[in-house]
Amino acid sequence: MAGPRRRAAVARAVASACPGLTVRAVPGAWTVSTRTGRTTVCRTLDALVTTAAPYTGAISPAEGAGPEAALLLTALRAAAGRGDAISRQP
């Protein structure tokens, strides 16, 4: 995932899919912070998904969010072992 705009967009998407996490794009990585203050540096998208996966809520992609949001949520839930409950779309 190259470029600050793309990293920032991914950070916003992961943060919205994972209540309780603060995700920030930094040069060459993302930081993921929990409510307790634990911070993890994720240098790859795979590491970000693996770190964020346990925090996915029982949510579905926002209406009109596009296929990228659904794919991200699918990846997060699959990494968390909840791939069978992907989304509830209206």
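These numbers were taken from a predicted model, which means no experiment stands behind them. Note that residues are indexed from 1 along each chain, following the sequence as it is written. For a predicted model such as this one, the threshold for reporting local features is a pLDDT of at least 70, and the threshold for listing and counting side-chain atom pairs is 80 or more; totals across whole chains, interfaces and linings nevertheless cover every residue. Processing note: side-chain calculations cover all non-hydrogen atoms of the structure and skip hydrogens and water entirely.

**Q** I tried to follow the overall build of the protein on my own but got confused; where do I start?
**A** Along its length, the protein carries 3 helices and 3 strands. Secondary structure elements of the protein, listed N to C terminal, follow the sequence α-β-β-β-α-α. In the protein, the proportion of contacts linking residues at least 24 apart, taken out of those at least 6 apart, comes to 35%. All accessible areas in this document rest on Shrake-Rupley with a 1.4 Å probe, and a residue is counted as covered only by the protein chains that are shown. Carbon and sulfur atoms form 55% of the exposed surface of the protein, whose accessible area is close to 5600 Å². A run of H or I in DSSP counts as a helix once it spans at least four residues, and a run of E counts as a strand once it spans at least two, with each numbered from the N terminus. Any two residues whose heavy atoms approach within 4.5 Å at even a single point are treated as in contact.

**Q** What is the right way to read helix α2 (residues 45-52) from this model?
**A** Three or four residues apart is the spacing at which side chains of an α-helix point the same way, because the helix has 3.6 residues per turn. Within the span of α2, buried status applies to Leu48, Val49 and Ala52. For α2, the buried positions fall inside an angular range of 95° around the axis, keeping them on one side. Structural note: α2 exposes Asp46 and Thr50 on the side pointing more than 90 degrees away from its buried face. A 1.4 Å probe rolled over the protein chains alone gives each residue an accessible area, and that area as a share of the maximum for its type sets the label: buried under 20%, exposed over 50%, partly exposed in between. What the arc covers is the set of directions going from the helix axis to the C-beta atoms.

**Q** Sorry, what's going on with the sheet that holds strand β1 (residues 22-26) here?
**A** Backbone-to-backbone hydrogen bonds join strands into a sheet, with any given pair of strands oriented parallel or antiparallel. Pairing is antiparallel across the open sheet formed by 3 strands, whose spatial order is β1-β2-β3. Among the strands making up the open sheet, the edge pair consists of β1 and β3 (39-42). Recorded for the sheet is a direction-independent mean angle of 20° between the axes of neighbouring strands. If DSSP finds at least two bridges between two strands, the strands pair. In the sheet, strand β2 (residues 29-33) pairs with β3 via 4 bridges, with the strands oriented antiparallel. For Thr31, the partnering residue across the bridge sits in β3 and is Val41. Here, axes are lines fitted to C-alpha atoms. For helices the fit covers the stretch in contact, and angles between N-to-C directions go from 0 to 180 degrees.

**Q** Would you take a moment to explain the packing of aromatic side chains for this structure?
**A** Aromatic rings from Phe, Tyr and Trp, with only the six-membered ring used for Trp, were paired whenever their centres fell within 6.5 Å, and each pair was classed as stacked if the ring planes differed by under 30 degrees, edge-to-face if by over 60, and tilted otherwise. Within this structure, the stated rule accounts for 0 aromatic pairs. The side chain of Arg7 reaches across the aromatic face of Trp30, ending 4.5 Å from its centre. The rule is short: NZ of Lys or CZ of Arg within 6 Å of the ring centre and within 35 degrees of the ring normal puts a charge over the ring.

**Q** Which parts of the structure should I look at to understand the confidence of the model for the protein?
**A** The predicted coordinates should not be examined in detail at positions where pLDDT is low. Per residue, pLDDT captures the predictor's confidence, and it can take any value from 0 to 100. Of the residues in the protein, 67% have a pLDDT of 70 or more, and the chain-wide mean is 75. Per-element mean pLDDT across the protein ranges from 67 in helix α3 (residues 67-79) up to 96 in β3. Counting interchain partners and residues more than four positions distant, the pLDDT-below-50 stretch residues 82-90 has 16 contacts.

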